[in-house]
Amino acid sequence: MSELTLPEELLLLALDPATGRRHCNRSYLQYGLAGAALAELELQGRVAEARGRVTVVNPLPPQDPLSAQILASLPAPRGSRFGDGVHARRWVRRTGRQVEELCLHHLVGRGALRVETRRFLGLFPYHRYPAAAADWSAPARGRYAQSMTAGFPDRRSRLLAAFTTAIGLARVLHPGRTWRESGTLRILVREQWAPYAVHRAVQQDKRSSSISIGDGGGSDGGGDCGGGDGGGGGD
């Protein structure tokens, strides 16, 4: 198994390896994957963040094709102090669905996932992505558990923990966590700009959902922690 990018690892943690069902709300997962893609580019020295905006600082394409595609989708630096780059939270909300599709495509191509086509109500086709024969999900969960036991000792593990917390996945990965551990995870979200942008995107959805319910509209449903695999998701 070759090295995984942050969004790929987050996606493997979020999918049930046996059924391919998502363990958290689909839209929240998409926001998390988009934020993780930006964080991966920052770890590689390709982008930088300042005051909520993300700017390309090294346009040379990364070696891994997923990060190269994400980097190519960002605007080239213009050398201006004003209006350069992209607004992190807006970009996360706008591109989450596309980033999820890219991650799924690359993980299927790398042999980590397989595609199962099903039909909603026997009519509408949709896909699920269970683990392939060479299961990459178990090692990903093992690494996450080890880093949790060690207190998330490096920046990459802290980022991954913060993303799982921001999208509501942490309670699935370690349901027996203590009050102190929960507080530590929330601090990790607020300490790092990319998970915090995801957190704000999720909170925006929750506020919109609350307003809809208060006005007599329906909720976003939860299920699969939100919407099932046959539904849309995203913005």
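Now for a look at the structure at hand. Counting restarts for each chain, with residues numbered from 1 along the sequence as it is written. The model is predicted, so local features are restricted to residues of pLDDT at least 70 and side-chain atom pairs to those at 80 or more, both for listing and for counting; the totals for chains, interfaces and linings are taken over all residues. Heavy atoms throughout the structure, all of them, feed into the side-chain values; hydrogens and water do not.

Here's the deal with the overall build of the protein chain
Under the scheme used here, helices are H or I runs from DSSP no shorter than 4 residues and strands are E runs no shorter than 2 residues, and both carry numbers assigned from the N terminus. A count of helices and strands for the protein chain gives nine helices and five strands. Helices (α) and strands (β) of the protein chain occur, in sequence order from the N terminus, as α-α-β-β-α-β-α-β-β-α-α-α-α-α. Taking all 235 residues of the protein chain together, the buried fraction comes to 46%. Note on contacts: a residue pair qualifies if any of its non-hydrogen atoms lie within 4.5 Å across the two residues. By sequence separation, contacts in the protein chain at least 24 residues apart represent 66% of the contacts at least 6 residues apart. As presented, the protein chain carries roughly 11600 Å² of accessible surface, and 54% of it is formed by carbon and sulfur atoms. Relative accessibility under 20% of the residue-type maximum defines a buried residue, over 50% an exposed one, and the middle range a partly exposed one, all with a 1.4 Å probe and only protein chains included. Only the protein chains shown count as cover for residues, and all accessible areas are computed by the Shrake-Rupley method using a 1.4 Å probe.

So, the pairing of strand E2 (residues 53-56)
Covered by surrounding structure in E2 are Val54 and Val56 only, the residues Arg53 and Thr55 on the alternate face being uncovered. Note on pairing: DSSP must find at least two bridges between two strands before they are called paired. Of the pairings in the sheet, the one linking strand E1 (residues 47-50) to E2 comprises four bridges and is antiparallel in character. By the bridge assignment for E2, alanine 48 is matched with threonine 55. Hairpin remark: E1 followed by E2, antiparallel, with two residues in the connecting loop; positive phi at arginine 51, about 50°. The pairing of E2 with strand E3 (residues 86-87) spans two bridges and is antiparallel. By the bridge assignment for E3, valine 54 is matched with valine 86.

Points about the pattern of salt bridges
Any Lys or Arg side-chain nitrogen located within 4 Å of an Asp or Glu carboxyl oxygen qualifies as a salt bridge. According to the stated counting rule, one finds eight salt bridges in the structure shown. As a salt-bridge pair, glutamate 116 and arginine 114 come within 2.7 Å of each other at their nearest N and O atoms. In this structure arginine 114 comes out as partly exposed when scored by relative accessible area, which is 37%.

Considerations on the layout of surface pockets
Only protein atoms enter the 1 Å grid, on which a cavity is a set of points fitting a 1.4 Å probe that cannot get out and a pocket is an open set with protein on both sides within 12 Å along at least 5 of 7 lines, lining residues being those with an atom within 4 Å of a point. Grid points are joined across faces, edges and corners, and a volume is the space filled by probe spheres set on the points. Here the largest pocket defines a volume of roughly 350 Å³. Lining the largest pocket are 22 residues, with Thr165, Ala166, Gly168, Arg171 and Lys206 sitting closest to its centre. Sorting the residues of the lining of the largest pocket by element identifies helix H6 (155-166), helix H7 (170-173), helix H8 (179-191) and helix H9 (193-214) as the ones contributing at least two each. If one sorts the elements of the lining of the largest pocket by residue count, H8 sits on top with five residues. Each residue receives one of three labels: charged for Asp, Glu, Lys and Arg, nonpolar for Ala, Val, Leu, Ile, Met, Phe, Trp, Tyr, Cys and Pro, and polar for the others, Gly being one of them. Looking at the lining of the largest pocket residue by residue, the class counts come to ten nonpolar, seven polar and five charged.

Overview of the packing of helix H2 (residues 26-43) against H6
For the pair H2 and H6, interaxial distance at closest approach is 10 Å and the crossing angle is 165°. For the element pair H2 / H6, the angle class is roughly antiparallel. For the element pair H2 and H6, the recorded crossing hand is right-handed. Across from Gly32, Gly35, Ala36, Ala39, Glu40, Glu42 and Leu43 in H2, the residues of H6 making contact are Arg155, Arg156, Leu159 and Phe163. A per-class count over the contact of H2 with H6 returns five nonpolar, two polar and four charged. Fitting a line to C-alpha atoms yields each axis, with helices limited to the stretch in contact; the angle taken between N-to-C directions then spans 0 to 180 degrees. Roughly parallel refers to an angle under 35 degrees, roughly antiparallel to one over 145, roughly perpendicular to one between 65 and 115, and oblique to any angle outside these ranges. Helix crossings fall into two classes, left-handed where the near helix is turned counterclockwise from the far one by less than a right angle and right-handed where it is turned clockwise.

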